[in-house]
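Residues per chain, in single letters:
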Amino acid sequence: MGHALREAEEAFTIGEIPVGAVVVFEGRIVGRGHNQVEMLKDPTAHAEMIALTAACATLDNKFLVECTLYVTLEPCPMCAGASVWTRVKRIVYGAADPKAGACGSLFNIGSNNKLNHRAEIIQGVREAECEAILKRFFRGKRE
């Protein structure tokens, strides 16, 4: 999660909502990303999407069966769906997202029994740190 937090700081630095993600396979990072929605003017440029795409490219495979996705904020429906489609083994997130979270807060796409794949969901890892960077970002926007 420390690497995901560093990605979130990178997003913060460039004025993006500070969310960071990394994909880990066999103990090494194979994909990383941070939000780039504003910079790319692309609503799909979420940290998770970028990290999952990079991991697929690194592993030369559309499936990430033995991978873990670490992300500082609970994935939204799009990102949780992409995690299911790539068949990640596990999704680990820091801060819950009660307004758009799709791994337990608002929806449960990540481990929905009606889908063909379910990821193990681990919530609240380094939650305070993940929440703090988001609060700092939005406080700055309000000021």
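Because the structure is predicted, anything quoted here is derived from the model rather than measured.

Cut-offs applied
Residues numbered from 1 in each chain as written. Predicted model: local features only at pLDDT ≥ 70, side-chain atom pairs only at ≥ 80, totals over all residues. Heavy atoms only, no water. Helix = DSSP H or I, 4+ residues; strand = E, 2+ residues; numbered from the N terminus. Rg over C-alpha atoms; globule rule 2.2 N^0.38 Å. Buried < 20%, exposed > 50% of the residue type's maximum accessible area, 1.4 Å probe, protein only. Contact = heavy atoms within 4.5 Å. Pairing = 2+ DSSP bridges. Core = buried A, V, L, I, M, F, W, Y, C linked by side-chain atoms within 4.5 Å. Axes fitted to C-alpha atoms, helices over the stretch in contact; angles between N-to-C directions. Salt bridge = Lys/Arg side-chain N within 4 Å of Asp/Glu carboxyl O.

In terms of regular secondary structure, the chain is built from five helices and five strands. Along its sequence from the N terminus, the chain presents helices and strands in the succession α-β-β-α-α-β-α-β-β-α. Computed over C-alpha atoms, the radius of gyration of the chain comes to 14 Å, within 12% of the 15 Å expected from 2.2 N^0.38 for 143 residues, which places it in the range of a compact globule. Dimensions along the principal axes, computed over C-alpha positions, put the chain at roughly 45 × 30 × 30 Å. Looking at the chain as a whole, 44% of its 143 residues qualify as buried. Contacts in the chain between residues at least 24 apart in sequence constitute 56% of all its contacts with a sequence separation of at least 6.

So, about the environment of Asn 61. Structurally, Asn 61 is set in the loop between α3 (47-59) and β3 (68-73). Along the chain, Asn 61 and Thr 86 lie 25 residues apart, while their C-alpha atoms are 9.1 Å from each other.

On any regular strand, side chains alternate: one points to one face of the sheet, the next to the other face. For strand β1 (residues 20-25), the buried fraction is high: six of the six residues fall into the buried class. Where burial is concerned, the two faces of β1 agree: the one with Gly 20, Val 22 and Val 24 and the one with Ala 21, Val 23 and Phe 25 are both buried. Relative to strand β2 (residues 28-34), β1 is paired through six bridges, and the arrangement is antiparallel. Across the sheet, residue Gly 20 finds its bridge partner in β2, namely His 34. Where β1 hands over to β2, the hairpin turn is made up of two residues, of which Glu 26 adopts a positive phi near 50 degrees. Relative to β3, β1 is paired through four bridges, and the arrangement is antiparallel. Within β3, the position partnered with Val 22 by the bridge is Tyr 70.

Counting residues in each nonpolar core, the largest one holds 32 residues, and the members touching the most others are Val 23 and Leu 64. Broken down by secondary-structure element, the contributors of at least two residues to this core are α1 (2-13), β1, α3, β3, α4 (77-86), β4 (90-95) and α5 (127-142). For Val 23, the contacting residues outside a window of four places in its chain are Arg 28, Ile 29, Val 30, Gly 31, Ala 51, Leu 52, Ala 55, Leu 64, Cys 67, Thr 68 and Leu 69.

Let's shift gears to the sheet that holds β3. What the five strands build is an open sheet, ordered β2-β1-β3-β4-β5; its pairing is mixed. Edge positions in the sheet fall to β2 and β5 (120-122), since each of these pairs with one other strand and no more. Sheet twist, expressed as the average angle between the axes of neighbouring strands with direction ignored, equals 15 degrees. Across five bridges, β3 lies against β4 in parallel orientation.

Right, let's talk about the pattern of salt bridges for a bit. This model, assessed by the stated rule, comprises five salt bridges. The closest approach of N and O atoms between Arg 136 and Glu 9, which form a salt bridge, is 2.8 Å. Pair noted here: Arg 136 is in helix α5 and Glu 9 is in helix α1, with a separation of 127 residues, a long-range link. Residue class for Arg 136 comes out partly exposed when judged on its relative accessible area of 35%. Ionic pairing is found between Arg 90 and Glu 120, a salt bridge with its closest N-O pair at 3.0 Å. A residue pair is termed long-range when its members are at least 10 positions apart, and Arg 90 in strand β4 and Glu 120 in strand β5 qualify at 30 residues. With a relative accessible area of 21%, Arg 90 lands in the partly exposed category. Assessed through its relative accessible area of 39%, Glu 120 is described here as partly exposed.

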